[in-house]
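Here are the chains, one letter per residue:
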Amino acid sequence: MKYLLIPMLAALTLSVTAYADDETPAQPAAQPSVLVKTAAVSEHSVSEVLPAFGSVVPAPHQAITLAAPRESRVASLSVSSGETVTKGQLLITLAPTSASSEAFVQAQSAADYAATALARTRNLYKEHLATRDQVAAAEQASADAQVKLKNAQQAGGAGSLAMRATADGVVMTVAVSSGEQIAANTTLVTLGLRGAMMVRLGVAPDQIAKIHIGTPVNLHDVYNPAIHVTAKVTNVSDMVDGSSGLADVFVRLAHP
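Source: prediction; values computed, not measured. (Residues numbered from 1 in each chain as written. Predicted model: local features only at pLDDT ≥ 70, side-chain atom pairs only at ≥ 80, totals over all residues. Heavy atoms only, no water.)

(A) Expanded view of the pattern of salt bridges. Scanning the model with the defined rule gives four salt bridges in all. R200 is paired through a salt bridge with D248; the nearest N and O atoms lie 2.9 Å apart. Residue R200 is found in strand β12 (residues 197-203), and its partner D248 is found in strand β15 (residues 247-252); the two are separated by 48 residues along the sequence. For D248, a relative accessible area of 13% puts it in the buried group. (Salt bridge = Lys/Arg side-chain N within 4 Å of Asp/Glu carboxyl O. Helix = DSSP H or I, 4+ residues; strand = E, 2+ residues; numbered from the N terminus. Buried < 20%, exposed > 50% of the residue type's maximum accessible area, 1.4 Å probe, protein only.)

Here it is, written out as structure tokens:
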């Protein structure tokens, strides 16, 4: 909003008194004096504060999603939303389900039996008590058993699996809870990379015209007002969010 300083103009009215030649003019009454002061027109910017609430989100294409590689049970959670983590830090420990454990035990037993049978058949072949075809069949059976054992291991039956952070970042979401049984490819944790975070603000549609790229923003933590960051608007959405009824305004954070 701008204020214009407009100079004041004063109009003065002069009075004239006529008198005859033989008359002595009366002393004129004291005329009032008016002090007129002028100033140049100037413009001044007046800031307008528009409060808005939002949350920290990963910048587009800068989020890492960790998913369960197999059907598992969530044994323990080592982090929570909002926590800063470093590369290699333990996030979640997955344990095998009852079904995967049983399948692994069976596959291990079958692989051990096939390996023993192969060794016995080879010894019989050396003593000319088995044919070459029997040795080949035993070798194939042992190889098949090893494949099934490997699949059972990948299915999680062999033991627990530690899911660790693949980069430094901030835990944006933890999508599972301790003790929950989950299917393969279930999202576990979403990480926002450090230095690639944004603030997503919601602004009423009738106020969005006042905001543009580069508008200064003062960000304050709603739980700790002492934490604040000065930044600028980097993007203004042209659409209204259907769930909130607000238009999105994005502010990039220069520091974690």
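Moving on, there is more to tell.
(B) Representation of the confidence of the model for the protein chain within the structure. Averaged over the protein chain, the pLDDT score is 81; the fraction of residues at 70 or greater is 85%. In the model of the protein chain, strand β1 (residues 2-4) stands out as the element of lowest mean pLDDT, 32, in contrast to strand β7 (residues 90-95), which has the highest, 92. Overall, residues 1-21 carries pLDDT values under 50, and its contacts beyond four positions in sequence, including any with other chains, amount to 24 contacts. (pLDDT = per-residue confidence, 0-100. Contact = heavy atoms within 4.5 Å.)

(C) Structural context of the sheet that holds strand β6 (residues 84-85). The sheet built from four strands is open, its strands ordered β4-β11-β9-β6 with antiparallel pairing. Strands at the two margins of the open sheet, each flanked by one partner only, are β4 (63-67) and β6. Both β4 and strand β11 (residues 187-193) contribute to a ladder of five bridges, which runs antiparallel. Considered in β11, the bridge of A63 is made with G192. (Pairing = 2+ DSSP bridges.)

(D) Representation of the pairing of β11. Burial of β11 is extensive: five of the seven residues sit out of reach of the surface. In the sheet, strand β9 (residues 169-174) pairs with β11 via five bridges, with the strands oriented antiparallel. For V171, the partnering residue across the bridge sits in β11 and is L191.

(E) Region of interest: the packing of helix α1 (residues 98-126) against helix α2 (residues 132-154). For the pair α1 and α2, interaxial distance at closest approach is 8 Å and the crossing angle is 160°. Comparing their axes, α2 and α1 come out roughly antiparallel. Taken as a pair, α1 and α2 cross one another with a handedness that is left-handed. Looking at the contact of α1 with α2 residue by residue, the class counts come to 16 nonpolar, six polar and four charged. (Axes fitted to C-alpha atoms, helices over the stretch in contact; angles between N-to-C directions. Parallel < 35°, antiparallel > 145°, perpendicular 65-115°, else oblique. Left-handed = near helix turned anticlockwise from the far one by under 90°. Nonpolar A, V, L, I, M, F, W, Y, C, P; charged D, E, K, R; others polar.)

(F) How the structure looks around unusual backbone geometry. Backbone geometry places H128, a non-glycine residue, at a positive phi of 60°. Summarising the element assignment, H128 is placed in the loop between α1 and α2. Judged by its relative accessible area of 73%, H128 falls in the exposed class.

(G) Fine view of a nonpolar patch on the surface. A cluster of nonpolar side chains, contributed by F53, V222 and Y223, occupies part of the molecular surface with about 450 Å² of accessible area. Positionally, F53 belongs in strand β3 (residues 53-58). (Patch = residues over 30% accessible without salt bridge, like charges linked within 9 Å, V, L, I, M, F, W, Y side chains within 5 Å. Areas by Shrake-Rupley, 256 points an atom, 1.4 Å probe, with all protein chains shown as cover.)

(H) Broad picture of α1. Taking 1.5 Å of rise per residue, 29 residues should cover 42 Å, and α1 covers 43 Å from first to last C-alpha, within 8% of that figure. Buried within α1 we find S100, F104, A107, A111, A114, A117, L118 and T121. Elements in contact with the buried residues of α1: α2. Following α1 by one or two positions, H128 adopts a phi angle in the positive range, close to 60°. (Expected span 1.5 Å × (residues − 1).)

(I) Structural detail: α2. Under the 1.5 Å per step criterion, the end-to-end length of α2 is 33 Å for 23 residues, consistent within 8% with the ideal 33 Å. Listed in full, the buried residues belonging to α2 are V135, A138, S142, A145, L149 and A152. Against α1 lie the buried residues of α2.

(J) How the structure looks around the nonpolar core. In this structure, I208, I211, V233, V249 and V251 are the most contacted members of the largest nonpolar core, which totals 17 residues. Elements supplying a minimum of two residues to this core: β9, β12, β13 (216-220), β14 (228-240) and β15. Ranked by the residues each element gives to this core, the list is headed by β12, at four residues. Filtering out sequence-adjacent residues up to four positions away, V249 remains in contact with V199, R200, L201, V203, I208, I211, V233, N235 and V236. (Core = buried A, V, L, I, M, F, W, Y, C linked by side-chain atoms within 4.5 Å.)

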